[in-house]
Structures are given as C-alpha cells and as structure tokens.
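Examination of the molecular architecture
Below are the chains, spelled out letter by letter.
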Amino acid sequence: PHVVLQAASGQPITTLPPDWDKAGVYACFDRDGFFKFVGMSRKVAVSINNHLQVLGADECYAAKVLVWDKPTKDDLEGTAKAWIEQCINATGAPPPRTPGGGGPKE
C-alpha cells in the first residue's frame, strides 16, 4: 500500500501523485537512499513539498508514502514507529531530521 517515488533518469522527485494530498506517513530519503526524515501529515504532498524547499533535492531525493482516506491515530503512529525502527535496525540510529532523531531539524 505504500509507494516509493523517484523521478526517472536519476533525478530527484519533483512531481507528487494527486492521491498524496491525503493524511498519511511519509519518509524522505537522500540521494544515496538513506532515511532523512519520517513524519505524519494531514496532507502528505504539502509536507514533502515543504521538505523539498527547506532541505533541497539532495536531502529529499526520494520518498516512501502510505496514505489513508480516514486514518486512525494508531495507523499513523504505528506506521511511523515501524519505519523509524526499520531505520534504526539498518543504521543504528533514527532518521537524523526526525523529531527526537538527534540531528538538525528543519
């Protein structure tokens, strides 16, 4: 049910699908495929566009998204927690730009 989006030709994401204008959980990845941020949003596309503007395309090169029409708090928090745990298992640390991740915040 989630989508990983990266533009063709090795270019960063620039156009987001219309169904991402829903509530959901999203993760931003840098050019090398490392987690940079995991967040929850009422409008995922708006949040990702904000990350693109603040962090730039190198820090928000690709995204993984799971959206719902009517998510519960448990849907959102459970998914975000699972993705953060996935990052910790892979790298030993949470995504650096995620609140509580220990890195710089935007």
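Reading the values: rules and limits
Residues numbered from 1 in each chain as written. Predicted model: local features only at pLDDT ≥ 70, side-chain atom pairs only at ≥ 80, totals over all residues. Heavy atoms only, no water. Helix = DSSP H or I, 4+ residues; strand = E, 2+ residues; numbered from the N terminus. Contact = heavy atoms within 4.5 Å. Expected span 1.5 Å × (residues − 1). Buried < 20%, exposed > 50% of the residue type's maximum accessible area, 1.4 Å probe, protein only. Arc of directions from axis to C-beta. pLDDT = per-residue confidence, 0-100. Pairing = 2+ DSSP bridges.

As for the environment of Gln-86
Relative to the helices and strands, Gln-86 resides in helix α2 (residues 73–91). As for Gln-86 and Phe-35, which are separated by 51 residues in sequence, their C-alpha atoms are 9.5 Å apart. Not counting residues within four places of it along the chain, the set of residues in contact with Gln-86 comprises Phe-35 and Lys-64.

Some details on helix α1 (residues 44–55)
Between its terminal C-alpha atoms α1 stretches 16 Å, which fits the 16 Å expected from 12 residues at 1.5 Å a residue. Taken together, the buried positions of α1 are occupied by Val-44, Ala-45, Ser-47, Ile-48, His-51, Leu-52 and Leu-55. Viewed along the axis of α1, the buried residues span an arc of 165°, placing them on a single side of the element. Opposite the buried face of α1, at more than 90 degrees from it, the exposed residues are Gln-53 and Val-54. Along its buried surface, α1 packs onto β2 (23–29), β3 (35–41) and β4 (62–68). Directly after α1, the chain includes Gly-56, whose backbone phi takes a positive value near 90°.

Details of the side chain of Lys-36
Mapped onto the elements, Lys-36 comes out in strand β3. A relative accessible area of 17% means that Lys-36 is categorised as buried.

Examining the confidence of the model for the protein chain
Averaged over every residue, the pLDDT of the protein chain is 82; residues scoring 70 or more account for 81%. The least confident element of the protein chain is strand β1 (residues 3–5), whose mean pLDDT is 55; the most confident is α2, at 93. This model gives residues 101–106 a pLDDT under 50, and the stretch forms 16 contacts once residues within four places in sequence are excluded.

Topic: the pairing of β3
Across a regular strand the side chains alternate sides, sitting on one face of the sheet and then on the other. In terms of burial, β3 is a largely internal element, 6 of the 7 residues being buried. As paired strands, β2 and β3 are joined by 6 bridges and run antiparallel to one another. Within β3, the position partnered with Cys-28 by the bridge is Phe-37. Between the antiparallel neighbours β2 and β3 lie 5 residues, among them Gly-33 with a positive phi of about 90°.

So, the pairing of β2
A large share of β2 lies buried, amounting to 7 of its 7 residues. The alternating pattern of β2 places Ala-23, Val-25, Ala-27 and Phe-29 and Gly-24, Tyr-26 and Cys-28 on opposite faces, both of which are buried. Where β2 and β4 come together, 7 bridges link them in antiparallel fashion. Looking at β4, one finds that Gly-24 is bridged to Val-67.

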